[in-house]
Amino acid sequence: MRTLCASTLIGEFFVIGFAGLVAMKTSGLSTGTVWTVSGIAMGLCVLLCGLLSRPGAVQIGWALQIGLVLSGFVVPTMFFLGAAFAALWWASVHFGRKVDEAKARFAASSAASPDTA
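Residues numbered from 1 in each chain as written. Predicted model: local features only at pLDDT ≥ 70, side-chain atom pairs only at ≥ 80, totals over all residues. Heavy atoms only, no water.

Draft legend 1. Structural context of the side chain of S38. Looking at where S38 falls in the secondary structure, it is placed in helix α2 (residues 31-51). For S38, a relative accessible area of 9% puts it in the buried group. Among residues more than four places away in sequence, those in contact with S38 are I16 and G20. (Helix = DSSP H or I, 4+ residues; strand = E, 2+ residues; numbered from the N terminus. Buried < 20%, exposed > 50% of the residue type's maximum accessible area, 1.4 Å probe, protein only. Contact = heavy atoms within 4.5 Å.)

What follows is the structure, encoded as structure tokens:
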């Protein structure tokens, strides 16, 4: 799960940065405000990459997805991109857990069977 979720978060890192550039030029918000919010969100993406194995990290990731969708009120394209990344986050968590379970079953079956070397 960590690899899939981290890949999604790194993609979000770049999208948030580019959305910050757009918001800086098209919104009525100050440059400092845009980069403070964008910087915190980008930092959270990187921080979550390292904390994905910790309890609560997936839930914080969901909060980030909600924030990404809500950023569409500043940059309308982010409604679509936020929804797309929320779907990617769901897929990363859902299928990542399935892959982790399959790896654990394989490791258990490999450990249970005697070596035939």
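Draft legend 2. Summary view of helix α4 (residues 77-112). Over its 36 residues, α4 extends 52 Å from the first C-alpha to the last, a length consistent with the 52 Å expected when each residue adds 1.5 Å. What α4 keeps buried is the set M78, G82, F85, A86, W89, S92, V93 and G96. (Expected span 1.5 Å × (residues − 1).)

Draft legend 3. Representation of the UniProt feature "transmembrane region" (unreviewed entry) in the protein chain. Taking the UniProt record as the reference, the feature "transmembrane region" (unreviewed entry) is found at residues 34-52 and 64-91. Spanning residues 34-52, this segment combines 95% helix with 0% strand, and its end C-alpha atoms are found 27 Å apart. Structurally, residues 64-91 comprises 79% helix and 0% strand, and the distance from its first C-alpha atom to its last is 15 Å. (UniProt positions renumbered as here; feature names shortened; annotations may be inferred.)

Draft legend 4. Representation of the nonpolar core within the structure. L9 and W89 are the most contacted members of the largest nonpolar core, which has 24 residues in total. Those elements that provide at least two residues to this core are α1 (2-26), α2, α3 (57-70) and α4. Among the elements that take part in this core, α1 stands out by supplying 7 residues, more than any other. Not counting residues within four places of it along the chain, the set of residues in contact with W89 comprises C5, T8, L9, L52, A57, V58, G61, W62 and Q65. (Core = buried A, V, L, I, M, F, W, Y, C linked by side-chain atoms within 4.5 Å.)

Draft legend 5. Layout of a nonpolar patch on the surface. Together, L29, I66, L70, F73, V74 and F79 make up an exposed nonpolar region whose accessible area comes to about 580 Å². Residue I66 is classed as exposed on the basis of its relative accessible area of 53%. (Patch = residues over 30% accessible without salt bridge, like charges linked within 9 Å, V, L, I, M, F, W, Y side chains within 5 Å. Areas by Shrake-Rupley, 256 points an atom, 1.4 Å probe, with all protein chains shown as cover. Salt bridge = Lys/Arg side-chain N within 4 Å of Asp/Glu carboxyl O.)

Draft legend 6. Quick peek at the packing of aromatic side chains. Throughout the structure, instances matching the rule amount to 3 aromatic pairs. Both rings, one in F13 and one in F14, keep their centres 5.3 Å apart while their planes meet at 90°; by these two values the pair is edge-to-face. For F13, a relative accessible area of 23% puts it in the partly exposed group. Here F73 and F79 contribute two aromatic rings whose centre-to-centre distance is 5.0 Å and whose plane-to-plane angle is 85°, an arrangement assigned as edge-to-face. Taking relative accessible area as the criterion, F73 reaches 67% and is therefore assigned exposed. Given a relative accessible area of 35%, F79 falls into the partly exposed group. (Phe/Tyr/Trp six-rings, centres within 6.5 Å; stacked < 30°, edge-to-face > 60°.)

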